[in-house]
Amino acid sequence: QALGTLEWDRVNGRALVSEVITDVFVREGDVVDAGRPLLQLDDRKIKAEVDNLKGQLQQAEWALKERVAGPRPQTIAEEQARVESAKADVVNARQVFERRKDLYIKKHVSKEDLDQARKDYQSAQARLKERSEALSELQAGTRIEQVEQSRAQLVSLQSQLAQLNLKMADYTVTAARRGRVDSLPFKLGDKPPVNAVVATLLSGEKPWARVYIPEPFRSKMTPGQTYRVRVDGQDAPYSARLRSLSAEASFTPYYALSEKDRSRLVYVAELDLLDERATRLTAGTPVQLLLGAL
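None of these values were measured; they are calculated from a predicted model.

The next subject is the nonpolar core. Among the nonpolar cores identified, the biggest contains 28 residues, and Val-26, Val-32, Leu-38, Leu-39, Leu-41, Val-181 and Leu-201 are the most heavily contacted of them. Breaking this core down by element, the ones donating at least two residues are strand 1 (2-15), strand 4 (37-41), helix 1 (44-69), helix 4 (144-169) and strand 7 (196-214). Looking at this core element by element, the count peaks at 6 residues for helix 1. Of all hydrophobic cores here, the second largest spans 22 residues; its members include Ala-2, Ala-209, Leu-245 and Leu-281.

And the structure:
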C-alpha cells in the first residue's frame, strides 16, 4: 500500500488593499456559492474618490453639450450691442481728434492735447476691432477642435471612473467558487496587509487523495486506472481514479542512488475519489492506497 492524506481544493480569498475589516458575512463551516460576499473592507476613501470623479464627469458632459450647441442667441446679441457701442466710440473719438487737430493748427491747444486725442482715437479703433472679431467668433460657432477636446476629456474621465469602480470591487472579498468556508484568519476590526489571505474555501464536490507511490510500483500505474483507497476511521474502502502521477521523485533523484536504494524513492500521485459518500470526509485524514488496480 501507499500512504497519503485526503485533500480538498483550496480557494483563497485575498485582501488586495490594506484596510480595516468592517463586516464579516460568513462563518467557518458555511457553504457558499460563487460570488457570495465573504467580508467587507473599509471603502469610504475610494467611495469619496468615485463621487469626486463622478462630479468631474458630469461637468465634462455639460461642457461638451455646451460646445456642441454653440453660443446662445442672447450671447450673440450682447456682443452685437458691444460692437455697436464700440463703433459709436470710434466715431466720437474721430470727431474729437479732428477738432483738436484744427485747434492745434490755430495754436489753441498744445501738442500733448493733440497726441492724446490721437491715442484715444486709435484705442477706440482697436476696441472696435476686438469686439468685431469676438462677434465673428460667436457667429461662426464652436470650433470642431474644441468639441473634440471636450469629447476626449469625457472619454478619459469615463475610463478613469470605470477603473476606479473595478478597484472598488476589490474592497469586497467574494467566493471565487462554490465551497465550504474553512478558515477566516482575520476578525472584525483587523487590518490585514496587502495580498494577505483573509478567507479559505474548500471547494469541489469530493475530496481527493495525495499519496506517495514507491518506485517499484510507479511503472505499473497510468492515469485513468481505478484503485481502492482505505480512509482512517472508515470500514469500507473507496474507489479512486488516478488523476496524475509525478514524473520526478519527491526525494533524492534516482541518478544519485545505487540500484538497491532506488526502491526507496516515492512519487506523488493524485487520485479522485468516486464514491458519493466521500463528500463527508475531511481534509488531512490519512489514507492508504491499495496497489492493485480494480
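Read on for the rest.
This part takes up helix 1. Between its first and last C-alpha, helix 1 extends 38 Å over 26 residues, near the 38 Å set by a 1.5 Å rise per residue. Looking only at helix 1, the buried set comprises Ile-46, Val-50, Leu-53, Leu-57, Ala-60 and Leu-64. Downstream of helix 1 by a residue or two, Gly-70 has a phi angle that is positive, lying close to 80°.

On to the pattern of salt bridges. One pass over the full model with this rule turns up 18 salt bridges. The salt bridge partner of Glu-148 is Arg-151, with a shortest N-O separation of 3.5 Å. Here Glu-148 pairs with Arg-151, and both are found in helix 4, just 3 residues apart, close to one helical turn. Here Arg-277 ties to Asp-275 by a salt bridge, and the two come within 3.5 Å at their closest N and O atoms. Its relative accessible area of 27% is what places Arg-277 among the partly exposed residues.

Cut-off values and rules
- Residues numbered from 1 in each chain as written.
- Predicted model: local features only at pLDDT ≥ 70, side-chain atom pairs only at ≥ 80, totals over all residues.
- Heavy atoms only, no water.
- Core = buried A, V, L, I, M, F, W, Y, C linked by side-chain atoms within 4.5 Å.
- Buried < 20%, exposed > 50% of the residue type's maximum accessible area, 1.4 Å probe, protein only.
- Helix = DSSP H or I, 4+ residues; strand = E, 2+ residues; numbered from the N terminus.
- Expected span 1.5 Å × (residues − 1).
- Salt bridge = Lys/Arg side-chain N within 4 Å of Asp/Glu carboxyl O.

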